[in-house]
Amino acid sequence: MSTFYGRVPIEDVRSFLYYQKDGITQKLIHQLKYKNQPQIGGFIGEWFGDNLVEANVFKGIDYIIPVPLHPKKQRKRGYNQVTLFGETLSKILGIEYKSNVLIRYSTTKTQTLKQRFERFSDSKTKFKLANTTIFENKHVLLIDDVITTGATIEACANELLKTKNITISVATMAYTQKA
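Now for a description of the structure that goes with this document. (Residues numbered from 1 in each chain as written. Predicted model: local features only at pLDDT ≥ 70, side-chain atom pairs only at ≥ 80, totals over all residues. Heavy atoms only, no water.)

1. Details of the overall build of the chain
Here is the rule: Secondary structure elements follow DSSP: runs of H or I no shorter than four residues count as helices, runs of E no shorter than two count as strands, and numbering proceeds from the N terminus. When a residue's accessible area, from a 1.4 Å probe over protein chains only, is under 20% of the maximum for its type it is buried; when over 50% it is exposed; and in between it is partly exposed. By definition, residues are in contact when any of their heavy atoms lie within 4.5 Å. Computed by Shrake-Rupley with a 1.4 Å probe, the accessible areas treat only the displayed protein chains as cover when residues are assessed.
Assigned secondary structure in the chain consists of six helices and seven strands. Helices (α) and strands (β) of the chain occur, in sequence order from the N terminus, as β-α-α-β-α-α-β-β-α-β-β-α-β. Of all 179 residues assigned to the chain, the portion counted as buried reaches 50%. Considering only intrachain contacts with a sequence separation of at least 6, the fraction spanning at least 24 residues in the chain is 80%. A total accessible area of about 9,600 Å² is found for the chain, and carbon and sulfur atoms account for 48% of it.

Structure representation (structure tokens):
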């Protein structure tokens, strides 16, 4: 996937499903995020995890890290939609899941209605790594639900890159192409 080429150093990127308007993946992700169906993340994590094992990828990963929600949004929703996805991948791949180490400290409106330029020029979304030494000399797998422009992943990766000698790979439930 060339989404990050030339913008931020990513070792490997894998997305499981293709997300398109009115498609089954959109319906699944919508149920996961907005209809209190966190078990969908576990289902996708199990299916994707089995595929990753079979493909023999993501060897040498030390930790799985979720893209965080802003605390206000997480309180409203009741959960981070990638938590069960990440915990399931953790079990299947045998990689430790670390939540609450990457923190979102500003909120933005939903990215789904923004155009590509707006997503990249939105400097309000900020992430902070709670401890910059925990991932020194480690390979981390950053996970999220959907990659569209890559702006969120890029912002997280830029914060993680403040860690000495870190390697970052990315796994998402789905990806999409938007103008």
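2. So, the pairing of strand S2 (residues 63-66)
Convention followed: Here, a strand pair is defined by DSSP locating no fewer than two bridges between the strands.
The two faces of S2 match: Tyr63 and Ile65 on one face and Ile64 and Pro66 on the other face are all buried. With four bridges connecting them, S2 and strand S6 (residues 139-147) associate as parallel partners. In the sheet register, Pro66 faces S6, and the bridge partner there is Ile143.

3. Looking at the environment of Gln177
With respect to the helices, strands and loops of the structure, Gln177 is situated in the segment after strand S7 (167-175). Under the relative-accessibility criterion, Gln177 is labelled exposed at 57%. In this structure the C-alpha to C-alpha distance between Gln177 and Ile147, which are 30 residues apart in sequence, comes to 8.5 Å.

4. Overview of the layout of surface pockets
Rules: With a 1 Å grid spanning the protein atoms alone, the term cavity applies to any set of points in which a 1.4 Å probe fits but cannot get out, the term pocket to an open set with protein on both sides within 12 Å along at least five of seven lines, and the term lining residue to any residue with an atom within 4 Å of a point. Grid points are joined across faces, edges and corners, and a volume is the space filled by probe spheres set on the points.
Each pocket or cavity is described by its volume, and for the second largest pocket that value is around 240 Å³. Taken together, the elements giving at least two residues each to the lining of the second largest pocket come down to helix H3 (71-77) and strand S4 (102-104). Ranked by the residues each element gives to the lining of the second largest pocket, the list is headed by S4, at three residues.

5. Concerning the packing of aromatic side chains
Test applied: Put simply, two rings from Phe, Tyr or Trp (the six-membered ring, in Trp's case) pair if the centres are within 6.5 Å, and we call them stacked under 30 degrees between planes, edge-to-face over 60, tilted for the rest.
Going through the model one piece at a time under the given rule, you end up with six aromatic pairs. Between Tyr18 and Tyr175 the ring centres are 5.1 Å apart and the planes differ by 65°, which places this aromatic pair in the edge-to-face class. A residue pair is termed long-range when its members are at least 10 positions apart, and Tyr18 in strand S1 (residues 13-18) and Tyr175 in strand S7 qualify at 157 residues. Its relative accessible area of 37% is what places Tyr18 among the partly exposed residues. Each ring, one from Tyr63 and one from Phe135, has its centre 5.3 Å from the other, and the planes form 65°; the classification is edge-to-face. Placement of Tyr63 in strand S2 and of Phe135 in the loop between strand S5 (127-129) and S6 is noted, with a sequence separation of 72 residues between them. Residue classification places Tyr63 among the buried positions, given a relative accessible area of 14%. Members of the aromatic cluster, each reached through a chain of ring pairs, are Phe16, Phe43, Trp47, Phe48 and Phe85.

6. Points about the sheet that holds strand S3 (residues 96-97)
Heads up, the condition is: Geometry is summarised by axes, namely lines fitted to C-alpha atoms with helices restricted to the contacting stretch, and by angles between N-to-C directions that run from 0 to 180 degrees.
Strands sit in the order S1-S7-S6-S2-S3 across an open sheet of five strands; the sheet is parallel. The open sheet terminates on both sides in strands that have one partner only, identified here as S1 and S3. The strands that helix H6 (residues 151-160) touches are S2, S6 and S7; relative to S6, the one it contacts most, it runs at about 160°.

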